[in-house]
Amino acid sequence: FLISKAKHSPLPPQILFPKDKDVIEVELGAALSLKCQARLGIKKQPVAVVTWDVDNIPVKYLDFSRFHEKTHFFEGREQQYYRESTLHIAEIKKEDLQANFTCVAVNEMHNTKATVTLQLKAQCEVGLPNILLIVGSLVLLVAIAVSVILYQSFRVDIVLLYREIFQPYSVKDDGKIYDAYVIYPRSQNNEANFVEYFVYQIMPDILENKCGYKLCIYGRDIYPGEDTASAIEKKMQKSRWLIILLTHQLINCKEPAYDQHIALYNALIQNNTKVILLEMETIGTYDKLQESLRFIIKQQGTIKWKEQHTVHPQSSNSKFWKQVRYHMPLTLKSS
């Protein structure tokens, strides 16, 4: 009751913000608001002034089009009396960077001041270390991009070279005898055709004689007098990969050959045999192919034979044979 009836009492004026000698970063041409808040006493004071001076000139005497001051008061805890003045500057000019902006707080006991100055915001300067970092990063990105492009373009050559240099020997004997079992459409009228010449002459010459692979070929490694079905299954079990030659004859065949049926079963159902598809003739769309072959083509594509049908020896370094060698397993070599 006594406190509520007490009269006002002044306190030494205290400017809460800004702090004296503060430096505020600004941009030329931008607007700015400077706030000054001071505690002046207990309860409303008869003398209570908080105002801004610019170079010791009160704001009220300055250009009103650019400077405008707004003041209000409020009470805080225990009826402490505060006054706040906001200086609005519509546009920062160059001369403001050399001016002193002073907040003055006055009551019946005393007066106090806090002066701030303005400076331009630091420009983003790119020093030599930053330039070197940026250039280094760009060079690294370009090098990575070029490396990726080169690898995509020469992937086959790189992998073949790597195998030749770093993997001259097989890691472990897997119990297989053949590197690949060859499936091809066999002639129905006993007449020789290019596909059979390719299977019996060109493939062995390139893959066996020049590259060290071992193939299993029906008619050469499986003889007509044997139990064909049993022999085919055993030979496939002893083969690491399957090579299927795609031709129009194979596509138009109403009943797939037994070895083709077993091969696709092993590749798709048991999922333990990899398949290499050689497109020996231009097939066009694959709509007429059986669904299992279409699925394999969708997964990995085919290797297309585009070389001239010739009886001359082929080069193992031609694009076609490089692709075949790239997809073949590692050869089992002895030291």
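Residues numbered from 1 in each chain as written. Predicted model: local features only at pLDDT ≥ 70, side-chain atom pairs only at ≥ 80, totals over all residues. Heavy atoms only, no water.

(A) Quick look at a nonpolar patch on the surface. A surface patch of nonpolar side chains, about 520 Å² in accessible area, is lined by Val142, Val146, Leu150, Tyr151, Phe154 and Ile158. In this structure, Val146 sits in helix α2 (residues 128–166). (Patch = residues over 30% accessible without salt bridge, like charges linked within 9 Å, V, L, I, M, F, W, Y side chains within 5 Å. Areas by Shrake-Rupley, 256 points an atom, 1.4 Å probe, with all protein chains shown as cover. Salt bridge = Lys/Arg side-chain N within 4 Å of Asp/Glu carboxyl O. Helix = DSSP H or I, 4+ residues; strand = E, 2+ residues; numbered from the N terminus.)

(B) Summary view of the nonpolar core. Within the largest apolar cluster, 51 residues are counted, with the highest numbers of intra-cluster contacts made by Phe198, Ile243, Leu245, Leu278 and Trp321. Broken down by element, the residue count for this core peaks at seven residues, all from helix α3 (residues 194–210). Leaving out residues up to four positions away in the same chain, Leu278 has contacts with Phe198, Ile243, Ile244, Leu245, Leu246, Ile303, Phe320 and Val324. If you look at the next biggest cluster of nonpolar residues, it comprises 26 residues, including Leu40, Val54, Phe67 and Val116. (Core = buried A, V, L, I, M, F, W, Y, C linked by side-chain atoms within 4.5 Å. Buried < 20%, exposed > 50% of the residue type's maximum accessible area, 1.4 Å probe, protein only. Contact = heavy atoms within 4.5 Å.)

(C) Region of the structure containing the state of the cysteines. Per the counting criterion, the structure on display carries one disulfide. Linked covalently through their sulfurs, Cys36 and Cys103 form a disulfide whose S-S length is 1.7 Å. Between Cys36 and Cys103 the sulfur-sulfur dihedral comes to about -75°; the bridge is accordingly left-handed. Taken as a pair, Cys36 in strand β3 (residues 32–42) and Cys103 in strand β8 (residues 101–107) lie far apart in primary sequence, 67 residues in all. The pair Cys36 / Cys103 is uniform in exposure class, with both members buried. (Disulfide = S-S within 2.5 Å.)

(D) Structural detail: unusual backbone geometry. Omega for the peptide link from Phe17 to Pro18 comes to 5°, which places this bond in the cis form. One can find Pro18 in the loop between β1 (9–17) and β2 (22–26). One non-glycine residue, Lys21, lies in the positive phi region at around 70°. Within the element layout of this structure, Lys21 appears in the loop between β1 and β2. Even without a glycine there, the phi angle at Lys43 is positive, about 65°. Its location among the elements puts Lys43 in the loop between β3 and β4 (48–54).

(E) Structural context of the side chain of Asp96. Note on placement: Asp96 falls in the loop between β7 (80–89) and β8. Note on Asp96: relative accessible area 3%, which makes it buried. There is a polar contact of 2.9 Å between the side chain of Asp96 and the backbone nitrogen of Lys93. Setting aside anything within four residues of it in sequence, one finds Asp96 in contact with Arg66, Phe67, Ile89, Glu91, Phe101 and Leu118. (Polar contact = N/O pair within 3.5 Å; in protein donor to acceptor, adjacent residues only side chain to side chain.)

(F) Spotlight on helix α7 (residues 291–300). Within α7, burial applies to Ser292, Leu293, Ile296 and Ile297. Projected onto a plane normal to the axis of α7, the buried residues spread over an arc of 135° and lie on a single side. Along α7, exposed side chains directed more than 90 degrees from the buried face belong to Glu291, Lys298 and Gln299. (Arc of directions from axis to C-beta.)

Any link to function would need more than the numbers given here.
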